[in-house]
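This is what each chain is made of:
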Amino acid sequence: MLRVVWPINHACDLMKIDRLIISHLRNVSAAELTLCPGLNGLSGANGAGKTSVLEAVYLLGYGHSFRKGGRDVIVQDGSDRATVFAEIRVDHGRAVRRIGIERSRDGWRGKLDGVDVSTLSDLFRLAPVCCFDPGSHALMSGPSEDRRALLDWGLFHVEHHFLGRWRRYQRALKQRNALLRTNGADAWFDPWEQEMAEAATELERMRRVYVDALQEQVATVAGKLCPELGRAEVVFKDGWKDLTVDDLISRCAGWRTERIRDRERGFTRRGPHRADWRIRFASLGNVDHYSRGQAKLAALCLLLAQVLHHRAVLGVPPIVLLDDLPAELDGTHQARVIEFLRNQDAQVLVTGTGDLPADRLFHVEHGVVRCLDAT
Ligand SMILES: Nc1ncnc2c1ncn2[C@@H]1O[C@H](COP(=O)(O)OP(=O)(O)OP(=O)(O)O)[C@@H](O)[C@H]1O
Ligand SMILES: [Mg+2]
């Protein structure tokens, strides 16, 4: 039985965006929003720029958009760069950090308190953002890559050593894949497989512990959000398929025996880079049978369980983005999501074309954002 010991990261013990400044991002030429710590609603007509505001916040947490398209599509036509700047309240509201991200032809550039950061992950750590958007139903039936990214996002924030292990594994995996493609000599594989094995052991342990910890959170969220779907549980697959890790003498041996077949395919077919996790409900069958609404609720259960866990570990929930919530869920489920997030004391940005539940409401029109109630 794995024991869950989560380190408390005091650097993040209160995290709300006070001020958000956006420039030349899609149709938003210049916008400045003073956000409230609770529910911020952004309403406006189709194409007004609501999702673009959410995208701005998302960029601070991920360095890419949640929408499809190349990295430069966010830069306003005719501009050479898009920038997002935020003042973030940390340390139980006692301190303010200033973070900024810019996309230009030179790539990404990040700033923390006015100084360039050497790695964008320093910014991402300060801006944990969780997003539910019209494409989120694909989390259930889409490629495992997206689910893995979600899992690893959660771990990145709650497990300090995760990023280092993940990078170490990815580096070694890339080398092994290059050897497979160029038909490298067997002896050249050994050091990289050894390196992969060392990183993989830790990666897998962290993922299992995390998923284990989420079981309770997922059951809690599903019980509140969609009790009609029955009891929920999370299922984790380590990426080794029929070769279970426990059966392997070592992961190194696993990759060694796979070399011939991997050479034929030109890539490493098994290992933590193929891991997956899913949510299962007692009253629902195979994921392919889910209605679109059920798939959205399932995705939300995973996301909100991560919110719950994040808050339990770090003392503060991530910022939650809900794009077009009224179009995505029926009224009952919308109300449950909002109530849940209010109880978690989460800062939320929600968009829609009509009435929205909000503590502070913004109207968006042709890329111009106006606060309707300056409370
Ligand atoms: N690179 C770009 N430069 C300029 N304008 C862009 C760029 N990319 C998208 N747009 C435009 O920006 C606008 C804002 O789109 P956005 O998706 O934010 O609107 P929205 O308010 O969320 O609309 P909806 O209600 O339809 O979801 C759209 O009119 C779109 O055509
Ligand atoms: Mg939109």
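Everything quoted here is computed from the prediction, not taken from an experiment.

Some points on helix α4 (residues 144-158)
Moving on, step 1. The end-to-end C-alpha distance of α4 is 21 Å, a good match for the 21 Å that 15 residues give at a rise of 1.5 Å each.
Moving on, step 2. Among the residues making up α4, those that are buried are Arg147, Arg148, Leu150, Leu151, Asp152, Trp153, Gly154, Leu155, Phe156, His157 and Val158.

Structural notes on the environment of Val218
Moving on, step 1. By secondary structure assignment, the location of Val218 is in helix α6 (residues 186-225).
Moving on, step 2. Given the relative accessible area of 0%, Val218 is considered buried.
Moving on, step 3. In this structure the C-alpha to C-alpha distance between Val218 and Val73, which are 145 residues apart in sequence, comes to 35 Å.
Moving on, step 4. Here Val218 is in contact with Ala232, Val234, Ile279, Leu302 and Ala305, once residues within four sequence places are set aside.

A word on the sheet that holds strand β3 (residues 39-43)
Adjacent strands of a sheet form backbone hydrogen bonds with each other and so pair up, either parallel or antiparallel.
Moving on, step 1. Sheet architecture is open: six strands sit in the order β8-β11-β12-β3-β13-β14, paired in mixed fashion. Looking at the sheet topology across the chains shown, the edges are occupied by β8 (129-132) and β14 (368-371). In this sheet, neighbouring strand axes are inclined to one another by 20° on average, regardless of whether the strands run parallel or antiparallel.
Moving on, step 2. Across three bridges, strand β11 (residues 319-322) lies against strand β12 (residues 348-352) in parallel orientation. Looking across to β12, one finds that Val320 is bridged to Val348.
Moving on, step 3. Packed onto the sheet, helix α8 (residues 292-314) meets β8 and β11 and runs at close to 170° relative to β8.

What about a positive patch on the surface?
Moving on, step 1. The grouping of Lys241, Arg261, Arg265 and Arg274 at the surface amounts to a positive patch.
Moving on, step 2. Given the relative accessible area of 53%, Arg265 is considered exposed.

Quick notes on the environment of Glu87
Moving on, step 1. Residue position: Glu87 is located in strand β4 (residues 81-90).
Moving on, step 2. In this structure, the C-alpha to C-alpha distance between Glu87 and Lys16, residues 71 residues apart in sequence, is 8.5 Å.
Moving on, step 3. Those residues in contact with Glu87 that lie beyond four places of it in its chain are Lys16, Ile17, Asp18, Arg19, Val96, Arg97 and Arg98.

Topic: the site of ligand 1
Moving on, step 1. In the neighbourhood of ligand 1, 16 residues make up the surrounding shell, with Gly47, Lys50, Thr51, Ser52 and Arg67 lying closest.
Moving on, step 2. Interatomic distance of 3.0 Å between a backbone N/O atom of Val75 and a nitrogen atom of ligand 1.
Moving on, step 3. A breakdown of the residues in the shell around ligand 1 according to their chemical character gives four nonpolar, eight polar and four charged.

Overview of the pairing of β4
Moving on, step 1. Here strand β1 (residues 16-25) pairs with β4 via seven bridges, running antiparallel. Bridging across to β4, Ile21 finds its partner in Phe85.
Moving on, step 2. Summarising the sheet, β4 and strand β5 (residues 95-104) pair through 10 bridges and their orientation is antiparallel. Of the residues in β5, the one forming a bridge with Phe85 is Gly100.
Moving on, step 3. Linkage of β4 to β5, two consecutive antiparallel strands, is achieved through a turn of four residues, within which Asp91 is found at a positive phi near 55°.

So, the nonpolar core
Moving on, step 1. Grouped together as the largest cluster of nonpolar side chains are 115 residues, with contacts concentrated most on Leu20, Leu33, Phe281, Leu322 and Leu341.
Moving on, step 2. It is α8 that contributes the most residues to this core, 14 residues altogether.

Brief notes about the packing of α6 against α8
Moving on, step 1. Interaxial distance between α6 and α8 falls to 8 Å at its minimum, and their mutual angle equals 120°. Relative to α8, the element α6 lies oblique. Crossing angle aside, the handedness with which α6 passes α8 is right-handed. Listed contacts from α8 to Tyr210, Ala213, Leu214, Gln217, Val218, Thr220, Val221, Ala222 and Leu225 of α6 are Leu297, Leu300, Cys301, Leu302, Leu304, Ala305, Gln306, Leu308 and His309.

A closer look at helix α1 (residues 50-62)
Moving on, step 1. End to end, α1 covers 19 Å across 13 residues, agreeing with the expected 18 Å (1.5 Å per residue, within 8%).
Moving on, step 2. In terms of burial, α1 is a largely internal element, 13 of the 13 residues being buried.
Moving on, step 3. Of the residues flanking the end of α1, it is Gly63, one or two places downstream, whose phi is positive at about 75°.

Side note on the packing of aromatic side chains
Moving on, step 1. Tallied over the entire structure, the rule returns five aromatic pairs.
Moving on, step 2. Ring centres of Trp240 and Trp255 lie 4.9 Å apart, and the angle between their planes is 45°; this geometry places the pair in the tilted category. With Trp240 in the loop between β9 (232-237) and α7 (251-265) and Trp255 in helix α7, this pair connects stretches of sequence that are 15 residues apart.
Moving on, step 3. The class for Trp240 is buried, based on a relative accessible area of 0%.
Moving on, step 4. Site record: aromatic cluster; members linked through ring pairs are Tyr58, Tyr62, Phe66 and Trp153.

Examining the confidence of the model for the chain
Low pLDDT means the predicted coordinates in that region are not meant to be read closely.
Moving on, step 1. Across the chain, the average pLDDT comes to 90, with 94% of residues at 70 or higher.
Moving on, step 2. Taking the mean pLDDT of every element in the chain, the minimum, 87, falls on helix α9 (residues 325-328) and the maximum, 98, on strand β2 (residues 28-34).
Moving on, step 3. Contacts of residues 1-13 to residues separated by more than four positions or lying in other chains number 30 contacts, the stretch itself having pLDDT below 50.

A word on the side chain of Asp262
Moving on, step 1. Within the secondary structure layout, Asp262 lies in helix α7.
Moving on, step 2. Side-chain polar atoms of Asp262 contact the side chain of Arg176, separated by 2.9 Å.
Moving on, step 3. Apart from residues no more than four positions distant in its own chain, Asp262 is found in contact with Arg176, Leu180, Phe267, Thr268 and Arg269.

Observations regarding the pairing of β3
Moving on, step 1. Within β3, five of the five residues are buried, which leaves the element mostly enclosed by the surrounding structure.
Moving on, step 2. For β3 and strand β13 (residues 360-365), the ladder comprises four bridges, and the chain directions are parallel. By the bridge assignment for β13, Asn40 is matched with Arg360.

Calculation rules
Residues numbered from 1 in each chain as written. Chains lettered and ligands numbered in written order. Predicted model: local features only at pLDDT ≥ 70, side-chain atom pairs only at ≥ 80, totals over all residues. Heavy atoms only, no water. Helix = DSSP H or I, 4+ residues; strand = E, 2+ residues; numbered from the N terminus. Expected span 1.5 Å × (residues − 1). Buried < 20%, exposed > 50% of the residue type's maximum accessible area, 1.4 Å probe, protein only. Contact = heavy atoms within 4.5 Å. Pairing = 2+ DSSP bridges. Axes fitted to C-alpha atoms, helices over the stretch in contact; angles between N-to-C directions. Patch = residues over 30% accessible without salt bridge, like charges linked within 9 Å, V, L, I, M, F, W, Y side chains within 5 Å. Areas by Shrake-Rupley, 256 points an atom, 1.4 Å probe, with all protein chains shown as cover. Salt bridge = Lys/Arg side-chain N within 4 Å of Asp/Glu carboxyl O. Lys, Arg positive; Asp, Glu negative; His and termini not counted. Charge placed at Lys NZ, Arg CZ, Asp CG, Glu CD. Near = heavy atom within 4 Å. Polar contact = N/O pair within 3.5 Å; in protein donor to acceptor, adjacent residues only side chain to side chain. Nonpolar A, V, L, I, M, F, W, Y, C, P; charged D, E, K, R; others polar. Core = buried A, V, L, I, M, F, W, Y, C linked by side-chain atoms within 4.5 Å. Parallel < 35°, antiparallel > 145°, perpendicular 65-115°, else oblique. Left-handed = near helix turned anticlockwise from the far one by under 90°. Phe/Tyr/Trp six-rings, centres within 6.5 Å; stacked < 30°, edge-to-face > 60°. pLDDT = per-residue confidence, 0-100.

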